[in-house]
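# Structural characterization, general
Residues per chain, in single letters:
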Amino acid sequence: MKKNICVLGSTGSIGVQSLDVARKAGFRVSAITANKNYKLLEEQIREFRPSFAALFDENAAKELKTRVADLDTKIYSGEEGVLACAAVSEADTVLDAIVGLAGLKPALAAINEKKELALANKEALVAGGRIVLDAVKNAGVRLLPVDSEHSAIFQCLQGSPPNKALKKIILTASGGPFFGKTKEELKNVTAADALKHPTWDMGAKITIDSASMFNKGLELIEAHFLFSVSPENIDIVVHRESIIHSLIEFEDNSVLAQLGVSDMRIPIQYALTYPERYPSPVKELSLSDIGSLTFFKPDYETFDCLNICREAIKKGGLFPAAVNSANEEANRLFREGKTGFLELSELIRTAFSITPDKTDYTLTDIYEIDRACREAVLRAANQI
């Protein structure tokens, strides 16, 4: 298989690992984008020689253009530049690894140009929901999950019987760095504490979300949209070893699980090669070396973000988009030391009171509620 790919967010953790998969599999990389890390993007351009590259930050893009003036790569800037790369004609698959709501428009741009979309960006589907799924249906393209949990579910479903006897999805969670902690113990934790994830190497925003377990809440919402399963039939179990990446249960109570070492290159590669499987750069799983696997119920009282996400998807409409935007702002404030860890859920809950209860929404509605929720969080945190 000779794939031709575009990687959106190529300088982030998932983006870097995606390029490693492309490197080892011999895929052509036609376009790459990033926020403002022009130094790393220059290195990637010089290695992969994409036809196009873009930096969201205008000043960083100017610097990059000067640095790679000796190459044929065309450099774009701003949101329009990122969207142009997402729609580049050369690529047959776009891997969206942009963090946050910023990944929504590029995802839609890729879909509308009939590109296969490998989605590592949770927020695009959480906030875009029906709009993204309708675009996929209208374009007649495939939406392939990159998240380890959703890739696991997707892989398990390959063994699903033709009568669609799926009963339940079981998402596994590492529990993050604060597993087993009480609210009292979490009063004074810092962003530096929250960034010490026990099993996964991720970017700062996602790692903080993992510590608060908002990330698992996002995955619950994403699973609902990806697999058309009601929230009531999606369970969460804490699995500290991160070896079982998720499970599905059938009507006869038989359960299938997907296992592997904690390395995102497995789900990235499967999304890029599906339905084929390639030799992997990842080491083999040795269950005897692991020794034992443990499972625990989530602490919904201490980690209220799980409740918030479940409430949001049950309400439907714009509520998932609203809590996602509120979390993005609260997460940023916590990383900057402007609010406490236990205040995160309180700040995110401000989204519920300002979100209109409407099932029929547009892209404009999503961005309007995004602005409103960010302002509400800043106001509640006494930042404006």
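Preceding block: the structure.
So, how was this worked out
- Residues numbered from 1 in each chain as written.
- Predicted model: local features only at pLDDT ≥ 70, side-chain atom pairs only at ≥ 80, totals over all residues.
- Heavy atoms only, no water.
- Helix = DSSP H or I, 4+ residues; strand = E, 2+ residues; numbered from the N terminus.
- Rg over C-alpha atoms; globule rule 2.2 N^0.38 Å.
- Buried < 20%, exposed > 50% of the residue type's maximum accessible area, 1.4 Å probe, protein only.
- Contact = heavy atoms within 4.5 Å.
- Areas by Shrake-Rupley, 256 points an atom, 1.4 Å probe, with all protein chains shown as cover.
- Pairing = 2+ DSSP bridges.
- Axes fitted to C-alpha atoms, helices over the stretch in contact; angles between N-to-C directions.
- Phe/Tyr/Trp six-rings, centres within 6.5 Å; stacked < 30°, edge-to-face > 60°.
- Lys NZ or Arg CZ within 6 Å of the ring centre and 35° of its normal.
- Polar contact = N/O pair within 3.5 Å; in protein donor to acceptor, adjacent residues only side chain to side chain.
- Core = buried A, V, L, I, M, F, W, Y, C linked by side-chain atoms within 4.5 Å.
- Parallel < 35°, antiparallel > 145°, perpendicular 65-115°, else oblique.
- Left-handed = near helix turned anticlockwise from the far one by under 90°.
- Nonpolar A, V, L, I, M, F, W, Y, C, P; charged D, E, K, R; others polar.

What follows is about the overall build of the protein. Secondary structure summary: the protein contains 17 helices and eleven strands in total. For 384 residues, the compact-globule estimate of 2.2 N^0.38 gives 21 Å, and the C-alpha radius of gyration of the protein, at 20 Å, lies within 12% of that figure. Principal-axis analysis of the C-alpha atoms gives the protein an extent of 55 × 55 × 40 Å. In the protein, buried positions account for 58% of the 384 residues. Of the contacts formed within the protein by residues at least 6 apart in sequence, a portion of 67% connects residues at least 24 apart. Of the roughly 16,400 Å² that the protein leaves accessible, carbon and sulfur atoms contribute 49%.

We now examine the sheet that holds strand β9 (residues 234-238). The sheet built from four strands is open, its strands ordered β9-β8-β10-β11 with mixed pairing. Both edges of this open sheet fall to β9 and β11 (255-259), since each of them pairs with a single strand only. Geometrically, the sheet is characterised by an average inter-axis angle of 20 degrees between neighbouring strands, direction not taken into account. Along the sheet, helix α7 (residues 148-157) makes contact with β8 (166-173), β10 (244-250) and β11, crossing β10 at roughly 40 degrees.

What follows deals with unusual backbone geometry. Following Tyr274, the chain continues to Pro275 via a peptide bond in cis, the omega torsion being 5 degrees. Here Pro275 is to be found in the loop between α11 (265-273) and α12 (287-290). One non-glycine residue with positive phi stands out, namely Ser242, at about 55 degrees. Within the element layout of this structure, Ser242 appears in the loop between β9 and β10.

What follows covers the environment of Leu144. Checked against the element boundaries, Leu144 lands in strand β7 (residues 143-145). By relative accessible area, which is 2% here, Leu144 ends up buried. In sequence terms Leu144 and Ile208 are 64 residues apart; their C-alpha atoms lie 25 Å from each other. Not counting residues up to four positions away in its chain, the partners in contact with Leu144 are Glu116, Leu117, Ala118, Leu119, Phe154, Ala271 and Tyr274.

Counted by the stated rule, this structure contains nine aromatic pairs. Measuring from ring centre to ring centre gives 5.8 Å for Phe52 and Tyr76, while their planes differ by 15 degrees; the resulting arrangement is stacked. Taken as a pair, Phe52 in strand β3 (residues 52-55) and Tyr76 in strand β4 (residues 74-77) lie far apart in primary sequence, 24 residues in all. Classification of Tyr76 by relative accessible area gives partly exposed; the value is 24%. Lying over the aromatic face of Tyr361, Arg130 brings its terminal NZ or CZ to 4.7 Å of the ring centre.

Another aspect to go through is the side chain of Ser51. Residue placement: Ser51 occurs in the loop between α2 (38-48) and β3. Accessibility expressed as a relative area gives 19% for Ser51, which makes it buried. Here the side chain of Ser51 touches Arg28 through a polar contact of 3.0 Å, side chain to side chain. With residues near it in sequence (within four places) discarded, Ser51 still touches Arg28, Ser30, Asp72, Thr73, Lys74 and Glu90.

So, on to the nonpolar core. Counting residues in hydrophobic clusters, the biggest one holds 124 residues, and the most contacted among them are Ile45, Phe341 and Ile366. At nine residues, helix α6 (residues 122-139) tops the list of elements feeding residues into this core.

Relative to each other, helix α14 (residues 319-335) and helix α17 (residues 363-380) sit at 40 degrees, their axes nearing to 8 Å. In terms of axis orientation, α14 runs oblique to α17. For α14 against α17, the interelement crossing comes out right-handed. Contacts between α14 and α17 involve Ala321, Ala322, Ser325, Ala326, Glu328, Glu329, Ala330, Arg332 and Leu333 on the former and, on the latter, Ile366, Ile369, Asp370, Cys373, Arg374, Val377 and Leu378. Of the residues in the contact of α14 with α17, the class split is ten nonpolar, one polar and five charged.

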